Amino acid sequence: MDQNIDEMIDHLKSYLEYLKGMGIVSLPASEMISNKMFREEKLTLKELRKELGDCKRCKLHRTRRTIVFGEGNEKATLMFIGEGPGYDEDVQGKPFVGRAGQLLTKIIESVNLSREEVYITNIIKCRPPQNRNPESDEIQSCHPFLMKQISVIQPKIICALGTFSAQTLLKTDTKITALRGKVYDLEGIKVIPTYHPAFLLRNPEKKREVWEDMKKIVELLSNNDKTKEME
Ligand code: SF4
């Protein structure tokens, strides 16, 4: 998909303004490399996990038990990206395995998909103490690895779960309530923001809206399959 230079400049400007708004005043070389590598990643997920190693790139390494890298199909067309590991995930080393995770599994299965078919990860790979919100320096440190995961998997659709995921991927500070219900573009990948399953546990009346988002995802996946058949 071609993008004209003016659009690219606008996109880059809004990204840099977003980072500045989050208190980030300089970018590590890896951040620049990750954006450049978005379509060029030749690693496998296993190699990428090895590259992450016993990561100490941000302060979360001091309190985490396990790095929760991600789980699922390396060739998934649909990727779910949440916020960060919680207690159960930190103990088990797998994403979305607590109560919110069980709800995510039900959401995935409600549209006749399985966890094995999709790929599930988070914006940050280590649990913040007491499940507090991730901080901007932590998101920034982990971001290159998330971008590389996306580059390896090359999904057609990313479902961004919750505020931090949607805001990080879309480089905006707009609230999830305003972001959801629309389809966005991330370098040719469709991004659909929806509510985080943990939020749904507290606000079950919002499940209907997530159901609408899931129906949209299935529709887009099926359109993608049809386009492939015609090629
Ligand atoms: S959150 Fe990411 S950057 Fe921070 S220590 Fe864990 S893996 Fe490394």
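Just so we're clear, the structure is a prediction, and the values are computed from it rather than from any experiment.

Draft legend 1. Highlighting the overall build of the protein chain. For the protein chain, the helix and strand inventory stands at 10 helices and six strands. Within the protein chain, the fraction of its 231 residues that count as buried is 45%. Contacts spanning at least 24 positions in sequence make up 72% of the contacts within the protein chain whose residues lie at least 6 apart. Summed over its atoms, the accessible surface of the protein chain is roughly 12,500 Å², and 51% of this surface lies on carbon and sulfur atoms.

Draft legend 2. Spatial organisation of the packing of aromatic side chains. Summed over the entire model, instances satisfying the criterion amount to one aromatic pair. Here Tyr195 and Phe199 contribute two aromatic rings whose centre-to-centre distance is 5.0 Å and whose plane-to-plane angle is 35°, an arrangement assigned as tilted. When its relative accessible area of 26% is taken as the criterion, Phe199 is described as partly exposed. Taking NZ or CZ as reference, Lys148 lies 5.8 Å from the ring centre of Phe145, over its face.

Draft legend 3. Examining the packing of helix H3 (residues 45-52) against helix H6 (residues 136-153) more closely. In the contact formed by H3 and H6, the axes pass within 10 Å of each other and the chain directions differ by 170°. One finds that H3 runs roughly antiparallel with respect to H6. Crossing hand, H3 versus H6: right-handed. Counted together, Leu45, Leu48, Glu51 and Leu52 of H3 and Phe145, Lys148, Gln149, Val152 and Ile153 of H6 form the full contact between these two elements. Across the contact of H3 with H6, the residue classes break down as six nonpolar, one polar and two charged.

Draft legend 4. A look at the environment of Leu186. Inspection of the secondary structure puts Leu186 in strand S5 (residues 184-186). For Leu186 and Leu170, which are 16 residues apart along the polypeptide, the C-alpha to C-alpha distance reads 7.3 Å.

Draft legend 5. Broad picture of the nonpolar core. Core analysis: the largest hydrophobic core is formed by 55 residues, its most contacted members being Leu78, Phe80, Ile81, Ile150, Ile158, Leu169 and Ile217. Looking at this core element by element, the count peaks at eight residues for H6.

Draft legend 6. Fine view of the environment of Ser110. Here Ser110 is to be found in helix H5 (residues 99-110). Given the relative accessible area of 36%, Ser110 is considered partly exposed. Along the primary structure Ser110 and Trp211 are separated by 101 residues, whereas in three dimensions their C-alpha atoms are 8.6 Å apart. Among the polar contacts listed, one links the side chain of Ser110 to the backbone oxygen of Ile107, at a separation of 2.6 Å.

Draft legend 7. Structural view of H5. End to end, H5 covers 17 Å across 12 residues, agreeing with the expected 16 Å (1.5 Å per residue, within 8%). Just downstream of H5 lies Asn112, where phi reads positive at about 60°.

Draft legend 8. Looking closely at the pattern of salt bridges. A full pass over the atoms with the stated rule returns 16 salt bridges. One salt bridge in this structure joins Lys148 and Glu51, with 2.6 Å as the shortest N-O distance. Here Glu51 lies in helix H3 and Lys148 lies in helix H6, a separation of 97 residues in the sequence. A salt bridge links Lys216 to Glu219; the nearest nitrogen and oxygen atoms lie 3.8 Å apart. Placement of the pair is Lys216 and Glu219 together in helix H10 (residues 207-230), with a separation of three residues, close to one helical turn. One salt-bridge network, held together by shared partners, links Lys59, Arg132, Glu135, Asp137 and Glu138.

Draft legend 9. Broad picture of the pairing of strand S6 (residues 189-194). By the criterion of burial, S6 is predominantly enclosed, with five of the six residues buried. As defined by bridge partners, strand S4 (residues 157-161) adjoins S6 across five bridges and the pair is classed as parallel. Residue pairing across strands places Ile158 opposite Val191, the latter belonging to S6. Note: S5 against S6, three bridges, orientation antiparallel. Within S6, the residue paired with Asp185 across the bridge is Lys190. Count of turn residues in the S5/S6 antiparallel hairpin: two residues, of which Glu187 carries a positive phi of about 50°.

Cut-off values and rules
- Residues numbered from 1 in each chain as written.
- Predicted model: local features only at pLDDT ≥ 70, side-chain atom pairs only at ≥ 80, totals over all residues.
- Heavy atoms only, no water.
- Helix = DSSP H or I, 4+ residues; strand = E, 2+ residues; numbered from the N terminus.
- Buried < 20%, exposed > 50% of the residue type's maximum accessible area, 1.4 Å probe, protein only.
- Contact = heavy atoms within 4.5 Å.
- Areas by Shrake-Rupley, 256 points an atom, 1.4 Å probe, with all protein chains shown as cover.
- Phe/Tyr/Trp six-rings, centres within 6.5 Å; stacked < 30°, edge-to-face > 60°.
- Lys NZ or Arg CZ within 6 Å of the ring centre and 35° of its normal.
- Axes fitted to C-alpha atoms, helices over the stretch in contact; angles between N-to-C directions.
- Parallel < 35°, antiparallel > 145°, perpendicular 65-115°, else oblique.
- Left-handed = near helix turned anticlockwise from the far one by under 90°.
- Nonpolar A, V, L, I, M, F, W, Y, C, P; charged D, E, K, R; others polar.
- Core = buried A, V, L, I, M, F, W, Y, C linked by side-chain atoms within 4.5 Å.
- Polar contact = N/O pair within 3.5 Å; in protein donor to acceptor, adjacent residues only side chain to side chain.
- Expected span 1.5 Å × (residues − 1).
- Salt bridge = Lys/Arg side-chain N within 4 Å of Asp/Glu carboxyl O.
- Pairing = 2+ DSSP bridges.

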